[in-house]
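# Inside the fold
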Amino acid sequence: WSVMVFIWFCLFSVYWLWTVLSFGTQARDAMGMHRFFQHRLGISQRDLQTIEWHEVVARLVALQESGKYRIAINKAGLTAQDIACRIMRKENYLIALINKRVLPLHLPV
């Protein structure tokens, strides 16, 4: 029994460590987004709950055009479509893998 308990303890420890590290990286990313919205876009925490999407896009485009912060490196202008594509790029990549049958999601029965 002691071997089984030790194995379960090791598995739990690895899972717990993975969860803590994952939380740390997600918290770091969230703080980076918070600083970007607050300092670069001038959107407070309170305003973030009620601001409309087109206002966020307008502020991002204005920031790009000011030259203080480059969002789109290979283009002169920035559009709402560019912003949406950048936000959705991971999801779009996954959808493309599924559509091209590179990543099958069916179970053999």
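Above: the structure in question.
Heads up: these notes are all about the structure in this document. Remember, predicted model here, so these are calculated numbers, not experimental data. (Residues numbered from 1 in each chain as written. Predicted model: local features only at pLDDT ≥ 70, side-chain atom pairs only at ≥ 80, totals over all residues. Heavy atoms only, no water.)

### Remarks on the nonpolar core
Phe-36, Leu-41, Ile-43, Val-56, Val-57, Leu-60, Val-61, Leu-63, Ile-71, Leu-78 and Ile-83 form the largest nonpolar core, which has 11 residues in total. Considering each element in turn, this core owes the most residues, five residues, to helix H3 (residues 53-66). Setting aside anything within four residues of it in sequence, one finds Phe-36 in contact with Leu-41, Leu-60, Leu-63 and Tyr-69. (Core = buried A, V, L, I, M, F, W, Y, C linked by side-chain atoms within 4.5 Å. Buried < 20%, exposed > 50% of the residue type's maximum accessible area, 1.4 Å probe, protein only. Helix = DSSP H or I, 4+ residues; strand = E, 2+ residues; numbered from the N terminus. Contact = heavy atoms within 4.5 Å.)

### A short note on the packing of aromatic side chains
Within this structure, the stated rule accounts for two aromatic pairs. Plain terms: the ring middles of Phe-36 and Phe-37 are 6.2 Å apart, the flat faces sit at 85 degrees to each other, and that makes the pair edge-to-face. Members of the aromatic cluster, connected to one another through ring pairs, are Phe-36, Phe-37 and Tyr-69. (Phe/Tyr/Trp six-rings, centres within 6.5 Å; stacked < 30°, edge-to-face > 60°.)

### Here we look at H3
Compared with an ideal rise of 1.5 Å per residue, which puts 14 residues at 20 Å, H3 spans 20 Å between its outermost C-alpha atoms and is within 8% of the ideal. For H3, the complete set of buried residues consists of Val-56, Val-57, Leu-60, Val-61, Leu-63 and Gln-64. Buried residues along H3 cover an arc of 160 degrees about the axis, so they all sit on one side. Residues of H3 that are exposed and point over 90 degrees away from its buried face: His-54 and Glu-65. Where H3 is buried, its residues contact helix H1 (2-40) and helix H4 (80-87). Count one or two residues on from H3 and you reach Gly-67, which has phi positive near 85 degrees. (Expected span 1.5 Å × (residues − 1). Arc of directions from axis to C-beta.)

### Observations concerning the environment of Val-14
Structurally, Val-14 can be placed in helix H1. Sequence separation between Val-14 and Cys-85 is 71 residues, and the spatial gap between their C-alpha atoms is 36 Å.

### Digging into a nonpolar patch on the surface
A contiguous nonpolar patch, built from Trp-1, Val-3, Met-4, Phe-6, Ile-7, Trp-8 and Leu-11 and spanning about 920 Å² of accessible area, is present on the exposed surface. Positionally, Val-3 belongs in helix H1. (Patch = residues over 30% accessible without salt bridge, like charges linked within 9 Å, V, L, I, M, F, W, Y side chains within 5 Å. Areas by Shrake-Rupley, 256 points an atom, 1.4 Å probe, with all protein chains shown as cover. Salt bridge = Lys/Arg side-chain N within 4 Å of Asp/Glu carboxyl O.)

### Section: the pattern of salt bridges
In a structure, side chains of opposite charge can pair up when their charged atoms sit close to one another. All chains considered together, the criterion is met by two salt bridges. Residues Arg-28 and Asp-29 are paired through a salt bridge, measuring 3.8 Å at the closest nitrogen-oxygen approach. You can call Arg-28 exposed: its relative accessible area is 55%. The exposure class assigned to Asp-29 is partly exposed, which follows from its relative accessible area of 44%.

### Looking at the packing of H3 against H4
H4 packs onto H3 with a crossing angle of 100 degrees between their chain directions and a minimal axis gap of 10 Å. Considering their axes alone, H3 and H4 lie roughly perpendicular with respect to each other. For the pair H3 and H4, the contacting residues are Trp-53, Val-57 and Leu-60 in the first and Ala-80, Ile-83 and Ile-87 in the second. (Axes fitted to C-alpha atoms, helices over the stretch in contact; angles between N-to-C directions. Parallel < 35°, antiparallel > 145°, perpendicular 65-115°, else oblique.)

Honestly, that's just the spatial picture; any functional story needs more than this.
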